[in-house]
Structures are given as C-alpha cells and as structure tokens.
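A look at the structure
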Amino acid sequence: IAPASRSECSNTASRRRCRPPLLWSGETSAELVIRAPPQLLFEVYADIERMPEWSPLLERVTLVDPAARRSEWALRVPRPLTRLVNAAGLQNLVQWEAMHELDPPRALRWRSLSGVQNSGE
C-alpha cells in the first residue's frame, strides 16, 4: 500500500516519513457450485445477519431498519494488518453502517453510508 500522493510524505534529516493511507482497496472473489434451487440459496445468503457464519472476519451484522434495508457491520481487522490500521487512526474492530438492495435470486448489493467506505455485489 502506497500513499495516495507525494504530499503525504516528508523528508527529515535521517529518513523519509509517510503518513499511512486512509483509503485502500482490495477485491475478493470465490466460486462454489451448490446443487439447490437458486431462490433457496438467495434467501440464505440475503439473510445478512448470518454473514458472520461464513465470513470469519465479520464480528457481527445487525439489521437495524429492515424496511429501509439499513444495517450495522463490525469487522475484526486481521492480525497482519492491525499495525497499519492503528497507524491510520482506526481500531482493530472497524464498524460502518450500510444499505443493501436485493435483486432475487441474482444479486445482493450493498454500499456503506458511514464509517469505512465499501461496496459490493
């Protein structure tokens, strides 16, 4: 991970110092074949409060407003990244509020509304 711009770095007499970035990106994907009706699979996956069962870094997901599909998320930062996250001023438990939309049985999309900026499908 590199600083977003050179202005985030300064030179001192003994070494170059850079502030850690507050924004980084990453992508993950996986594929799994399950012999079951798509609607059944979607119903299980769209139950976002169950996501910590298959995503071990998620500490919890709480649906706070089912009608608006608004939820609160908490993710435990993996040990190898804790120093970087702490240097950026964040804690080991990162939290955000999100909104999701459903397109059964094809997609579940989300985007953060506050806290750590993220989105996905």
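Residues numbered from 1 in each chain as written. Predicted model: local features only at pLDDT ≥ 70, side-chain atom pairs only at ≥ 80, totals over all residues. Heavy atoms only, no water.

Things to note about the overall build of the protein
Of the regular secondary structure elements, the protein holds 2 helices and 7 strands. Put simply, the protein has 121 residues, and 19% of those count as buried. Considering only intrachain contacts with a sequence separation of at least 6, the fraction spanning at least 24 residues in the protein is 29%. When the accessible surface of the protein is totalled, it reaches about 9400 Å², and 51% of it is carbon and sulfur. (Helix = DSSP H or I, 4+ residues; strand = E, 2+ residues; numbered from the N terminus. Buried < 20%, exposed > 50% of the residue type's maximum accessible area, 1.4 Å probe, protein only. Contact = heavy atoms within 4.5 Å. Areas by Shrake-Rupley, 256 points an atom, 1.4 Å probe, with all protein chains shown as cover.)

As for the pairing of strand E4 (residues 70–76)
Judged from the 6 bridges that link them, strand E3 (residues 58–65) and E4 form a sheet pairing that is antiparallel. Across the sheet, the residue bridging to arginine 60 is alanine 74, located in E4. As consecutive antiparallel partners, E3 and E4 are separated by 4 residues, and within that stretch arginine 69 has a phi angle of approximately 55°, a positive value. Two elements, E4 and strand E5 (residues 93–103), share 7 bridges in a ladder whose sense is antiparallel. Its bridge partner being in E5, serine 71 is matched across the sheet by alanine 98. (Pairing = 2+ DSSP bridges.)

Topic: unusual backbone geometry
Note that the residue after proline 104, namely proline 105, is joined by a cis bond; omega there is -10°. Mapping proline 105 onto the fold places it in the loop between E5 and strand E6 (107–115). In the Ramachandran plot, arginine 69 falls in the positive-phi region, its phi being about 55° despite a non-glycine side chain. Assessed through its relative accessible area of 34%, arginine 69 is described here as partly exposed.

Let's talk about the side chain of serine 71
Residue placement: serine 71 occurs in strand E4. Only 2.8 Å separates the side chain of serine 71 from the side chain of tryptophan 73, close enough to count as a polar contact. (Polar contact = N/O pair within 3.5 Å; in protein donor to acceptor, adjacent residues only side chain to side chain.)

Considering the pattern of salt bridges
Tallied over the entire structure, the rule returns 6 salt bridges. Taking the shortest distance from any N to any O, the salt bridge between arginine 76 and glutamate 59 comes out at 3.3 Å. You can see arginine 76 sitting in strand E4 and its partner glutamate 59 sitting in strand E3, a full 17 residues away along the chain. A salt bridge links arginine 109 to aspartate 103, with the shortest nitrogen-to-oxygen separation between them at 3.7 Å. On the basis of relative accessibility, which here comes to 27%, the residue arginine 109 falls in the partly exposed class. Among the ionic contacts, a cluster of salt bridges with common partners joins Glu101, Asp103, Arg109 and Glu121. (Salt bridge = Lys/Arg side-chain N within 4 Å of Asp/Glu carboxyl O.)

Brief notes about the nonpolar core
Among the nonpolar cores identified, the biggest contains 13 residues, and Ile48, Met51, Leu58, Val61, Trp73, Trp96 and Leu108 are the most heavily contacted of them. Of all the secondary-structure elements, those providing two or more residues to this core are E3 and E5. Sort the elements by how many residues they give to this core and E5 lands first, with 3 residues. Excluding anything up to four places from it in sequence, isoleucine 48 contacts Val61, Leu63, Ser71, Trp73, His100 and Leu108. (Core = buried A, V, L, I, M, F, W, Y, C linked by side-chain atoms within 4.5 Å.)

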